[in-house]
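Structural description and commentary
Residues per chain, in single letters:
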Amino acid sequence: MGAAMRRIHVGNALSAFGLGFTVPYLYVYVAQVRGLGAMTAGLVLAVFAVAALIVLPFAGRAIVRRGPLPVLLAALVTAALGALSLGLASSATTVLLSAAALGAGQAVMQPALATMIVDCSKADTRSRAFATQFFLQNLGLGVGGLIGGHLVDTSRVSSFTLLFAIEAAMFLLLAVVMTTVRMPHSPRIEDAPAGSGRGSWKQLLGNRAMVQLCVLGFVLFFACYGQFESGLSAYGVEAAGISTSALGTALAANTLMIVVAQFAVLKFVERRRRSRVIAAVGLIWAVAWVVAGYAGLGHGSQEMATAAFVSTYALFGLGEAMLSPTVAPLVADLAPSVMAGQYNSAFALVKQLALAVGPAVGGPMGASLQAPYIVTFLLFSLGITYLAVRLGRQLTAVQDRPWLGRSRVVARGGASAETVVAEA
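These figures come from a predicted structure and were not determined experimentally. (Residues numbered from 1 in each chain as written. Predicted model: local features only at pLDDT ≥ 70, side-chain atom pairs only at ≥ 80, totals over all residues. Heavy atoms only, no water.)

Some thoughts on the packing of helix α1 (residues 3-22) against helix α5 (residues 92-119)
For the record, the criterion: Structural elements are reduced to axes, namely lines fitted to C-alpha atoms, with helices fitted over the stretch in contact, and the angle between N-to-C directions of any two is expressed from 0 to 180 degrees. Segments assigned H or I by DSSP are reported as helices when at least four residues long, segments assigned E as strands when at least two residues long, and all are numbered from the N terminus. Here the angle decides the label: under 35 degrees means roughly parallel, over 145 means roughly antiparallel, 65 to 115 means roughly perpendicular, and every other value means oblique. Here is the rule for handedness: rotate from the far helix to the near one, and if that takes an anticlockwise turn smaller than a right angle the crossing is left-handed, while a clockwise turn gives right-handed. Contacts are assigned to residue pairs with any non-hydrogen atoms lying within 4.5 Å of each other.
Running from N to C, α1 and α5 cross one another at 160 degrees; their axes reach a closest spacing of 10 Å. Here α1 is positioned roughly antiparallel relative to α5, judged by the angle of their axes. Between α1 and α5 lies a crossing of left-handed hand. On α5, the residues that touch M5, I8, H9, N12, S15 and L19 of α1 are Q106, M109, L113, M116 and I117.

As structure tokens, this is what we get:
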């Protein structure tokens, strides 16, 4: 790992640590501590998603034209201002405006950091780089949430103001760290032949493999991440009688599985076809939904139901650990060199859409339609396997099996797998 990559990973950990301080307590802060009610708290969560959906289509072009570092610095300053103002806001209007700034900044960080990882890595090191990023993000979120939980006091507004101030400080500290990163020169639209940057969205949508990956990504995030804190938790409480402490244990089991298994899993997936790894994740998550079905719809004891529910979250964590070194590097390898930022932003946009739709669909189903809920998401998980196998037919040999070559792979219509292998 070079110095630039090490600092990028430190930055990822810092941003996740800051987010962990506030995200679990945002609803309580707005609804109860500030006394603005459940409606405003719900709107704040919606504003995060809407802000991301608005800025991400523009973020890709900005990264392509200006480079990921300037875009990341602008996002960090915006997020820091949003976090600080959110900690001081006392009215619904200022809370919503602050949430919009924080949400927009957070959304742009993701593709900017991902593009920096692409620019600082090679094809044969990229999977490990993204696995390290995912590991540090989960570790930072877990540690931040743990420390934040000991600092908050719902009877004192000042304790929440302190949390948001710490989050803002983490973003600004990350900005300082990132200014010391010496990025290698990577192709920009200005470096490419005239006209190559025009119609970049049209060019992306013309890439069948990328379109199929985006569809697959939507299902992945909708069927897993979009259910963690909405449908699955509601199902656990209503159908399985899971206590709030047991729900916290389940979330901890998910994080622990990722932290413990990430690099052991990495050794397994590095020499496996990417499409087959994603297909295997679909099967693992299908098993997870079956176990969740037993927890809420079976007739075992409460202890068995709780153990099954915690196991469900652990199985999801195993699948996440397999995806982190697989999906993000695949997005990078599908992108022409001048459009890595555009592709990363497009995939981040798909993720945000799934995370917005997932809770809206899963929440009500998990709370009141338990059996249809389990069956629906079991089928979605099997759909992941089907879509992954189909995607494999669109990938070149090196895109699906990156160890065959060390050069960056351009999407279909670019260099063939044979050419890349020959050049390597």
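So much for the structure itself; the text now carries on.
As for the confidence of the model for the protein chain
Spelled out, the test is: Each residue carries a pLDDT score, the predictor's confidence in it, ranging from 0 to 100.
Confidence in the prediction for the protein chain averages 79 pLDDT; 88% of positions are at 70 or higher. Under a pLDDT of 50 for its full length, residues 406-424 has, in the predicted model, 38 contacts with residues more than four places off or in other chains.

Quick notes on the side chain of S159
Which entries qualify depends on this criterion: Only protein chains enter the calculation, and the probe is 1.4 Å; a residue is then buried if its accessible area is under 20% of its type maximum, exposed if over 50%, and partly exposed in between.
With respect to the element layout, S159 can be found in helix α7 (residues 157-179). For S159, a relative accessible area of 2% translates into the label buried. Apart from residues no more than four positions distant in its own chain, S159 is found in contact with L151, V152 and D153.

As for the side chain of Q106
Inspection of the secondary structure puts Q106 in helix α5. If near-sequence neighbours (up to four positions away) are discounted, Q106 is found in contact with L19, F48, A79, E167 and F171.

With respect to the environment of R65
Here R65 lies in helix α3 (residues 37-66). Between the C-alpha atoms of R65 and G341, which are 276 residues apart in sequence, the distance is 9.1 Å.

Side note on the packing of helix α10 (residues 231-238) against helix α16 (residues 370-392)
The criterion, for reference: Each residue is assigned to one class: nonpolar for Ala, Val, Leu, Ile, Met, Phe, Trp, Tyr, Cys and Pro, charged for Asp, Glu, Lys and Arg, and polar for all the others, Gly among them.
The N-to-C vectors of α10 and α16 enclose an angle of 140 degrees; their axes lie 11 Å apart at closest approach. By the criterion of interaxial angle, the relationship of α10 to α16 is oblique. Where α10 crosses over α16, the two elements pack in a sense that is left-handed. Across the interface between the two elements, G231, L232, Y235 and E238 from α10 touch Q370, Y373 and I374 from α16. Among the residues forming the contact of α10 with α16, the class breakdown is 4 nonpolar, 2 polar and 1 charged.

Thoughts on empty space enclosed by the protein
Here is the rule: Put plainly, a pocket is an open set of points on a 1 Å grid over the protein atoms alone with protein on both sides within 12 Å along at least five of seven lines, a cavity is a set where a 1.4 Å probe fits but cannot get out, and a lining residue has an atom within 4 Å of a point. Grid points are joined across faces, edges and corners, and a volume is the space filled by probe spheres set on the points.
Taken as a whole and judged by the stated rule, the model has 1 cavity of 30 Å³ or more. Within this model, the largest cavity holds a volume of roughly 60 Å³. If you go around the largest cavity, the residues you meet are S127, V269, E270, R272, R273, R274, V277, P325, T326 and P402. Residue classes in the lining of the largest cavity are distributed as 4 nonpolar, 2 polar and 4 charged.

As for the pattern of salt bridges
Note the cut-off: For this document, the term salt bridge refers to a Lys or Arg side-chain nitrogen within 4 Å of an Asp or Glu carboxyl oxygen.
One pass over the structure, following the stated rule, counts 1 salt bridge. When the shortest N-O distance is used, the salt bridge between R274 and D333 registers 2.9 Å. One end of the pair, R274, is in helix α12 (residues 274-297); the other, D333, is in helix α14 (residues 327-334), and 59 residues separate them in sequence. For the pair shown, R274 and D333 are each scored as buried.

Topic: the nonpolar core
Which entries qualify depends on this criterion: Only buried residues count toward a nonpolar core, which is a set of Ala, Val, Leu, Ile, Met, Phe, Trp, Tyr and Cys residues joined through side-chain atoms within 4.5 Å.
M210, L213, L232, W285 and F309 are the most contacted members of the largest nonpolar core, which totals 64 residues. In contact with L232, other than residues within four places in its own chain, are Q227, W289, A292, F309, T312, Y313, F316 and Y373.

Brief notes about α1
Formally: What a helix is expected to span follows from its residue count: subtract one and scale by 1.5 Å.
Given a rise of 1.5 Å per residue, 20 residues ought to cover 28 Å, and the 30 Å separating the end C-alpha atoms of α1 matches this to within 8%. Counting buried positions along α1 gives 14 out of 20 residues, so the element sits mostly inside the fold.

Regarding the environment of M210
Among the secondary structure elements, M210 is positioned in helix α9 (residues 208-223). Sequence spacing of M210 and Y343 is 133 residues, and the spatial spacing of their C-alpha atoms is 8.3 Å. Setting aside its immediate chain neighbours within four residues, M210 contacts L204, V331, L334, Y343 and F347.

Some thoughts on the packing of aromatic side chains
For clarity, the cut-off: Each Phe, Tyr or Trp ring (for Trp, its six-membered ring) is paired with any other whose centre lies within 6.5 Å, and the angle between the two planes then decides the class: stacked below 30 degrees, edge-to-face above 60, tilted in between.
On inspection of all chains with the given rule, the structure shows 14 aromatic pairs. Here the aromatic rings of F221 and F347 are separated by 6.0 Å at their centres, their planes lie at 65 degrees, and the arrangement is edge-to-face. Separated by 126 residues along the polypeptide, F221 in helix α9 and F347 in helix α15 (residues 340-368) bring together distant segments of the chain. By relative accessible area, F347 is classed as buried at 10%. By way of ring pairs, the aromatic residues F218, F222, Y235, W285, W289, F316, Y373, F377 and F380 are connected into one cluster.

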